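Here's the letter readout for the chains.
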Amino acid sequence: MNPQHGFSAAEAESFYELVASRRDCRHFKRGAPVEAAQLQRILQAGYQSPSVGLMQPWRLLRIADAGLREALAACVEAERQATAAALGPRSDEFLHLKVEGIKDCAEVLALVLAPDDGTVFGRRTLAAEMALTSVGCMVQNLWLAARVENLGLGWVSMFEPAEVGTLLRLPVGAQALGLLCIGPVDEFYPAPMLTLEGWRTPRPLDQMMYTDYWPEGPENTSHGN
Ligand SMILES: Cc1cc2nc3c(=O)[nH]c(=O)nc-3n(C[C@H](O)[C@H](O)[C@H](O)COP(=O)(O)O)c2cc1C
């Protein structure tokens, strides 16, 4: 690709449509595979993500062992129950939400923060945060690439990281950050599923942009849970 390529208005429109139609997916077509070439393109998009100091602190473990997938799903289920208990009055409502599609999706990629390689560039003051946010940037590329391949991706973060770390045989200093579920879906939700299900409404953009200084007075934090 020519790096000087200027995007046409139609291409820009497609891009914004892609961004707007990306969804966190939890309902997958059971048994429907992801083509190897598709997965490779998605991984390549992730590989092209930005990272602090070009640290590339993420690793992905493709889960091929069905028993390991089952064990990971059990970790998520345990944490789902613990989350429900922590939610008190919204516990039942939460338990009705679908929060993962680990058993049905074509591919599970365990997302891991690699042991810190000591990168200083851009991380002298916010070392942990910059490594983590770099991992987040990578996942966003995966998410968009999956969407453009018409595949769903769901980031599952409900688990006890030490348990998942043991299952994945992670070394000291590595941290499991997600189980990424990828695969064909019957449909992409028209809006975040949490909004469709009445769990939470997104804060409008104009309430998230300030000029120069943080405004006086408390932010409206009535979002909850
Ligand atoms: C870091 C991170 C962790 C997440 N973990 C979960 C999860 O464990 N289970 C789940 O159902 N959704 C999870 N999500 C998805 C969010 O709920 C979702 O992105 C949000 O509701 C907005 O919906 P959308 O991505 O479809 O726009 C996670 C998203 C992010 C960025």
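Remember, it's a predicted structure, so these values are computed and weren't measured experimentally.

Draft legend 1. Region of interest: the overall build of the chain. Regarding its fold elements, the chain presents 7 helices and 4 strands. Tracing the chain from N to C terminus, the helices and strands come up as α-α-β-α-α-β-α-β-α-β-α. For the chain, whose C-alpha radius of gyration is 19 Å, the value lies close to the compact-globule estimate of 17 Å for 225 residues. Judged by the C-alpha coordinates and their principal axes, the chain covers about 45 × 45 × 40 Å. Within the span of the chain, comprising 225 residues, buried residues form 24% of the whole. Of the contacts made within the chain by residues no fewer than 6 positions apart, 83% connect residues no fewer than 24 positions apart.

Draft legend 2. Summary view of unusual backbone geometry. Positive phi outside glycine occurs at Leu-54, with the angle close to 55 degrees. With 10 C-beta atoms packed within 10 Å, Leu-54 lands in the exposed category. In this structure, Asp-212 is a non-glycine residue whose phi angle is positive, near 65 degrees. Counting through the fold element by element, Asp-212 comes out in the segment after helix 7 (193-196).

Draft legend 3. Looking closely at the site of the ligand. Around the ligand, the structure places Arg-23, Asp-24, Arg-26, Val-99, Glu-100, Trp-155, Val-156, Ser-157, Met-158, Pro-192 and Leu-194. Grouping the constituent residues of the shell around the ligand by class yields 6 nonpolar, 1 polar and 4 charged.

Draft legend 4. Highlighting the sheet that holds strand 2 (residues 107-113). Here we have 4 strands laid out as an open sheet, ordered 1-2-4-3, and antiparallel in their pairing. Each edge of the open sheet is held by one strand with a lone partner, namely strand 1 (58-62) and strand 3 (152-156). If you compare each strand with its neighbour and ignore which way they point, the axes differ by 25 degrees on average. Sheet topology places strand 2 next to strand 4 (residues 175-183); 7 bridges connect them, and they run antiparallel.

Draft legend 5. Focus on helix 2 (residues 36-47). Relative to the 16 Å expected for 12 residues at 1.5 Å per residue, helix 2 spans 16 Å between its end C-alpha atoms, a close match to the ideal helical length. Of the positions making up helix 2, those classed as buried are Leu-39, Ile-42 and Gly-46. Across the axial projection of helix 2, the buried residues extend over an arc of 65 degrees, all falling on one side. Turned more than 90 degrees off the buried face of helix 2, the exposed positions are Ala-37, Gln-40 and Gln-44. Packing partners of the buried residues in helix 2 comprise strand 2 and helix 5 (127-148).

Conventions used here
- Residues numbered from 1 in each chain as written.
- Predicted model: local features only at pLDDT ≥ 70, side-chain atom pairs only at ≥ 80, totals over all residues.
- Helix = DSSP H or I, 4+ residues; strand = E, 2+ residues; numbered from the N terminus.
- Rg over C-alpha atoms; globule rule 2.2 N^0.38 Å.
- Buried ≥ 20, exposed ≤ 12 C-beta atoms within 10 Å, placed from the backbone.
- Contact = placed C-beta atoms within 7 Å.
- Near = placed C-beta within 6 Å.
- Nonpolar A, V, L, I, M, F, W, Y, C, P; charged D, E, K, R; others polar.
- Pairing = 2+ DSSP bridges.
- Axes fitted to C-alpha atoms, helices over the stretch in contact; angles between N-to-C directions.
- Expected span 1.5 Å × (residues − 1).
- Arc of directions from axis to C-beta.

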